[in-house]
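The primary structure of each chain is shown beneath.
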Amino acid sequence: MTKTPHLRRAMLFMPGDSLRKIEKAIGLGADSIVMDLEDGVAFSQKAAARHTIVQALQTLDFGRSERLVRMNPVGSELAEDDLRSTITGRPAGYVLPKAEFAEQVEMLAEFLTLEERARGWPAGQIKILPIVETALGVMNVREIALADPRVDALLFGAEDLAGDMGAVRTSAGWEVFYARSAVVMAAKAYRLQAIDQVYFDLNNLEGFEAECQTGRQMAYDGKMVIHPRQAEIAQRVFAPSPEEIQRAQRIVQAHEEAQAAGLGAFALDGRMVDMPVVRMAEQVLSKAKAAVNGDR
Ligand code: COA
Ligand code: MG
């Protein structure tokens, strides 16, 4: 479904000024490690966080984890310093919060293009991952998705959106459901990955897992997570389970036999199988394959 095979089942965020948490995250092997410069870092610590992130990028072995930096919003007074300092550590990409206009993505892309050229790095390699988390961002999600080929995932931020709208966050989540749905729809329409909202209750792992399941059912590919316990659960839930893989294999095999016998639709375990069901099964198998290969 997506134009790149990078797995981002768990995108683990931590404050950029905490080297300890960065090291901890590397040890966990989360698919993506997002070192934050935005809302997880106090204003007095922004400079220290930039320094720590560069040090981490230059000295630590991230293994198979993707190395990402969450900058401050393009247009804020912090963004330029965030970029000028952290680019020296050559991150794999930037998470761009509060994305609202294509121009913000384009400005960031232009900066990256110039830096890649000046430093002799391959062109277009550094990714941009916009977070859609304001009412305006939701209305403009299409232009954000299409702004630049560096964009290969859309992230959905429920908490900031609720704050922006003046909505009240509830556990059922209906207040953000339209937006949560709109972001994944745009992502799938333009063949991007979709990454689901943060779950704030660190101690409610059952609630967290249920929210992972809902996100996955909606076609989200992964989730933003804020604690090692959440990361482990998301890495598991956003990969197909052994039962799902087995069922998908049976469907594909039965489909091949049916085709050979000249049948388009057939019954398997009392349920009708035709092309949409087969396509879903094929997607399960390709996700499972990516998870086994650890594709990046
Ligand atoms: N990434 C990596 N390691 C983390 C982590 C994270 N996001 N959150 C906690 N840990 C580590 C802690 O360092 C601790 O390990 P240690 O004892 O060896 O140092 C261990 O996991 C257990 O942590 P715990 O005591 O349960 O949590 P805490 O009270 O230290 O931290 C938070 C709670 C919320 C401050 C922390 O989870 C956090 O910083 N989360 C991310 C916040 C963030 O980035 N927000 C912005 C994006 S939405
Ligand atoms: Mg936010």
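Residues numbered from 1 in each chain as written. Chains lettered and ligands numbered in written order. Predicted model: local features only at pLDDT ≥ 70, side-chain atom pairs only at ≥ 80, totals over all residues. Heavy atoms only, no water.

### Topic: the overall build of the protein chain
If you tally the helices and strands in the protein chain, you get 12 helices and 10 strands. Taken over the C-alpha trace, the protein chain has a radius of gyration of 20 Å; the compact-globule value for 296 residues is 19 Å, and the two agree within 12%. Dimensions of the protein chain, computed from the C-alpha atoms along their principal axes, are close to 65 × 45 × 35 Å. Taking all 296 residues of the protein chain together, the buried fraction comes to 52%. A separation threshold of at least 6 residues defines the contact pool for the protein chain, and within that pool the share at least 24 residues apart is 71%. Surface accessibility of the protein chain: about 14000 Å² in total, with carbon and sulfur atoms responsible for 54%. (Helix = DSSP H or I, 4+ residues; strand = E, 2+ residues; numbered from the N terminus. Rg over C-alpha atoms; globule rule 2.2 N^0.38 Å. Buried < 20%, exposed > 50% of the residue type's maximum accessible area, 1.4 Å probe, protein only. Contact = heavy atoms within 4.5 Å. Areas by Shrake-Rupley, 256 points an atom, 1.4 Å probe, with all protein chains shown as cover.)

### Some thoughts on the pairing of strand β4 (residues 93–96)
Taking every second residue as pointing to the same face, both faces of β4 are buried, with G93 and V95 on one and Y94 and L96 on the other. Summarising the sheet, strand β3 (residues 66–70) and β4 pair through three bridges and their orientation is parallel. Of the residues in β4, the one forming a bridge with V69 is Y94. As for the winding sense of the linkage, the β-α-β connection from β3 through helix α3 (residues 79–86) to β4 is right-handed. Both β4 and strand β5 (residues 127–132) contribute to a ladder of four bridges, which runs parallel. Counted as the bridge partner of G93 is K127 from β5. Note on the crossover from β4 through helix α4 (residues 102–119) to β5: the handedness is right-handed. (Pairing = 2+ DSSP bridges. Right-handed = clockwise from strand over helix to strand, strands pointing away.)

### Some thoughts on the pattern of salt bridges
Per the counting criterion, the structure on display carries 25 salt bridges. A salt bridge links R84 to E80; its shortest N-O distance comes to 3.4 Å. Here R84 and its partner E80 are both found in helix α3, four residues apart, which amounts to about one turn of the helix. Here D221 and K287 are joined by a salt bridge, their closest N and O atoms 3.2 Å apart. Of this pair, D221 sits in the loop between α9 (205–217) and β8 (222–225) while K287 sits in helix α12 (residues 275–293), placing them 66 residues apart in sequence. Accessibility expressed as a relative area gives 9% for D221, which makes it buried. Looking at K287, the relative accessible area reads 29%, which means it is partly exposed. The network of salt bridges with shared partners includes D36, E38, D39, R70, K98 and D160. (Salt bridge = Lys/Arg side-chain N within 4 Å of Asp/Glu carboxyl O.)

### Brief notes about unusual backbone geometry
For R191, which is not a glycine, the phi torsion comes out positive at approximately 60 degrees. Following the sequence through the fold, R191 ends up in the loop between α8 (177–189) and β7 (193–196). The backbone of A219 sits at a positive phi, close to 90 degrees, despite the residue not being glycine. Along the chain, the position of A219 falls in the loop between α9 and β8. A219 sits in the partly exposed class, given a relative accessible area of 30%.

### Structural notes on the site of ligand 1
Around ligand 1 lies a shell of 14 residues, among which F13, R20, K24, I226 and H227 are the nearest. Measuring from a nitrogen atom of ligand 1, one finds a backbone N or O atom of F13 at 2.8 Å. For ligand 1, an oxygen atom lies 2.8 Å from a polar atom in the side chain of H227. Considered on its own, ligand 1 offers 880 Å² of accessible surface; in the complex 64% of this is hidden by protein. Of all the secondary-structure elements, those providing two or more residues to the shell around ligand 1 are β1 (10–15) and α1 (19–28). With four residues, β1 is the single largest residue contributor to the shell around ligand 1. A per-class count over the shell around ligand 1 returns seven nonpolar, two polar and five charged. (Near = heavy atom within 4 Å. Polar contact = N/O pair within 3.5 Å; in protein donor to acceptor, adjacent residues only side chain to side chain. Nonpolar A, V, L, I, M, F, W, Y, C, P; charged D, E, K, R; others polar.)

### Quick notes on the coordination of the magnesium ion (ligand 2)
Protein-derived coordination of the magnesium ion (ligand 2) comes from E133 (OE) and D160 (OD), at a distance range of 1.9 to 2.7 Å. Of this pair, E133 sits in the loop between β5 and α5 (135–139) while D160 is found in helix α7 (residues 158–165), placing the two residues 27 residues apart along the sequence. (Donors = N, O, S within 2.8 Å, 3.2 Å for Na, K, Ca; no water.)

Taken by themselves, the reported measurements are silent on function.
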